[in-house]
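Structural characterization, general
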Amino acid sequence: MKTSSFHPGDYSRGHKHSLELDVGHSGIQLPILLVRGSHEGAALVVTAGIHGDEYEGVRAIFDIVETLDPAAMRGDLIAVPVSNPPAFWAGTRRSPLDGVNLARIFPGAPDQGPSEAIAHTMALQVIAQADFYLDLHSAGVAFLMPTMVGYNANDSRGRAAAECFGAPVIWSHPTIAPGRTISFAHGRGIPWLYTEARGAGRIHPDDLDVFRNGVTNLMRHLRILPGEPASPGTIETRLHGDGDIEAGLLCQREGFFVPGVELLQTVTESQELGRTVNLHGETVETYRATSDGVIALVRQFPVVKPGDPMFVITQQQFHT
């Protein structure tokens, strides 16, 4: 079913619904999967594919929606498996239509280009419907990140949800930069989580299990599904600090990248992290840690050009 406006209450309870939401620009339509429980309850909005080269969340949404029984649910699951169709079909992080990073422009605008129109539609017609919001990301083709869930350090609702999600790494953020899906949710008072995973243009079965089990645990935590969240197991690492990829160490010289550290490795200020070499194997740029901390992102795609993110360093948090 195609529509230009989305209101979950227009659809019958106890059923699954599938529709295409027109964003009003460039013929772009967002796939919406709506599962309405037989009884009233909370609305969980789950999105994936904000970046077109991140696939774990797409698959997790498909699998979860397929297995849900609306008769056993209270409330709604509202899912957008592919939030950036132009980038998804191109297999790129940014939209090929305008070169814009969709994850930096929320809440968007209806008349400022295709990515702005997507952000505007998603913000006001989808995320705004949430009692809780989950944005499924991963490292995509170019990067390597830990399988993790992130939350607002200043919101006990997000922290409680992160603790039961079941990711091996959790990351608390004391500040939320503008332009994100989660910053829009934050501005509306909607608690949120987001995920990352190892990416590489593949879906690792362990990451898929974390995402599927995490969404199920979150639905149980919100009382949308009956029962208690499954035991999350041991949280191996707790991180704290900013997670903006574009604010990390950036490439200055084009070349071939040779990393020198591993993901989640502890580093000290000025420590060498890796280097870029030219086509003769000669070093043209060396990357050094700007502070003590933990490596939370490492560039994996070896061909680099100026402006490419190379590393993100954050802090380890010791739970009390």
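Above this text you will find the structure in question.
Note that this is a predicted model, so its numbers are computed, not measured. (Residues numbered from 1 in each chain as written. Predicted model: local features only at pLDDT ≥ 70, side-chain atom pairs only at ≥ 80, totals over all residues. Heavy atoms only, no water.)

1. Re empty space enclosed by the protein
Where empty space is left becomes clear once a probe the size of a water molecule has been rolled over the atoms. Our working definition: Computed over the protein atoms alone on a 1 Å grid, cavities are sets of points where a 1.4 Å probe fits but cannot get out and pockets are open sets with protein on both sides within 12 Å along at least five of seven lines; a residue lines them when it has an atom within 4 Å of a point. Grid points are joined across faces, edges and corners, and a volume is the space filled by probe spheres set on the points. Counting from the N terminus, the helices are the DSSP runs of H or I reaching at least four residues and the strands are the DSSP runs of E reaching at least two. Ten residue types, Ala, Val, Leu, Ile, Met, Phe, Trp, Tyr, Cys and Pro, are classed as nonpolar, four, Asp, Glu, Lys and Arg, as charged, and the remainder, Gly among them, as polar.
Within the structure shown, the criterion is met by one cavity of 30 Å³ or more. The computed volume of the largest cavity comes to approximately 380 Å³. For the largest cavity, the lining is made up of 24 residues, of which Arg-104, Arg-180, Tyr-194, Glu-196 and Gly-243 are closest to its centre. Of all elements in the fold, only helix 5 (181-187) and strand 10 (192-196) reach the threshold of two or more residues within the lining of the largest cavity. Taken together, the residues that form the lining of the largest cavity break down as nine nonpolar, seven polar and eight charged.

2. Here's the deal with the layout of surface pockets
Taken as a whole, the largest pocket spans an internal volume of roughly 390 Å³. In terms of lining residues, the largest pocket is bounded by 18 residues, among which Arg-93, Arg-94, Arg-299, Lys-305 and Asp-308 are the most central. Split by residue class, the lining of the largest pocket holds eight nonpolar, three polar and seven charged.

3. Focus: the packing of aromatic side chains
Let me state the cut-off plainly: Put simply, two rings from Phe, Tyr or Trp (the six-membered ring, in Trp's case) pair if the centres are within 6.5 Å, and we call them stacked under 30 degrees between planes, edge-to-face over 60, tilted for the rest. For every residue, the accessible area (1.4 Å probe, protein chains only) is compared with the maximum for its type, and the residue is labelled buried under 20%, exposed over 50%, or partly exposed between those bounds.
Taken as a whole, this structure holds seven aromatic pairs when the rule is applied. Look at Phe-88 and Trp-89: their rings are 5.0 Å apart centre to centre, the planes differ by 75°, and that puts the pair in the edge-to-face class. Classification of Trp-89 by relative accessible area gives exposed; the value is 71%. An angle of 80° between the planes, with centres 5.9 Å apart, marks the rings of Phe-257 and Tyr-287 as edge-to-face. Note that Phe-257 is positioned in strand 13 (residues 255-259) and Tyr-287 in strand 16 (residues 283-288), a separation of 30 residues in sequence. As far as burial versus exposure is concerned, Phe-257 and Tyr-287 are alike and both buried. Here the aromatic residues Tyr-55, Phe-88 and Trp-89 are joined through ring pairs into a cluster of three or more.

4. So, the pairing of strand 6 (residues 132-136)
Each regular strand displays side chains that alternate between the two surfaces of the sheet. Basically, it comes down to this: The pairing criterion is simple: DSSP has to find at least two bridges between the two strands.
Counted residue by residue, strand 6 has five buried out of five residues, so it is predominantly covered. The side-chain alternation of strand 6 yields two buried faces, one formed by Phe-132, Leu-134 and Leu-136 and the other by Tyr-133 and Asp-135. Of the strand pairs in this sheet, strand 4 (residues 39-48) and strand 6 are connected by five bridges, and their pairing is parallel. From the neighbouring strand, Ala-48 faces strand 6, where its bridge partner is Leu-136. Sheet topology places strand 6 next to strand 10; four bridges connect them, and they run parallel. Residue Leu-136 lies in a different strand from strand 10, and its bridge partner there is Thr-195.

5. Points about the sheet that holds strand 18 (residues 303-304)
Taken together, four strands build an open sheet; the order of strands is 16-15-13-18 and the sheet is antiparallel. A single partner strand is all that each edge strand has here, and the edge strands are strand 16 and strand 18. Judged from the four bridges that link them, strand 13 and strand 15 (residues 272-277) form a sheet pairing that is antiparallel. Bridging across to strand 15, Pro-259 finds its partner in Gly-274.

6. Overview of a nonpolar patch on the surface
Our working definition: Note on patches: the residues involved have over 30% relative accessible area and no salt bridge, like charges join within 9 Å, and the nonpolar side chains Val, Leu, Ile, Met, Phe, Trp and Tyr join within 5 Å. Under the convention used here, a 1.4 Å probe and the Shrake-Rupley method define accessible areas, while residue burial counts only the protein chains that appear. Salt bridges are defined as contacts in which a side-chain nitrogen from Lys or Arg sits within 4 Å of a carboxyl oxygen from Asp or Glu.
The grouping of Val-141, Phe-256, Phe-301 and Val-303 at the surface amounts to a nonpolar patch, some 340 Å² of accessible area in total. Within the secondary structure, Val-303 sits in strand 18.

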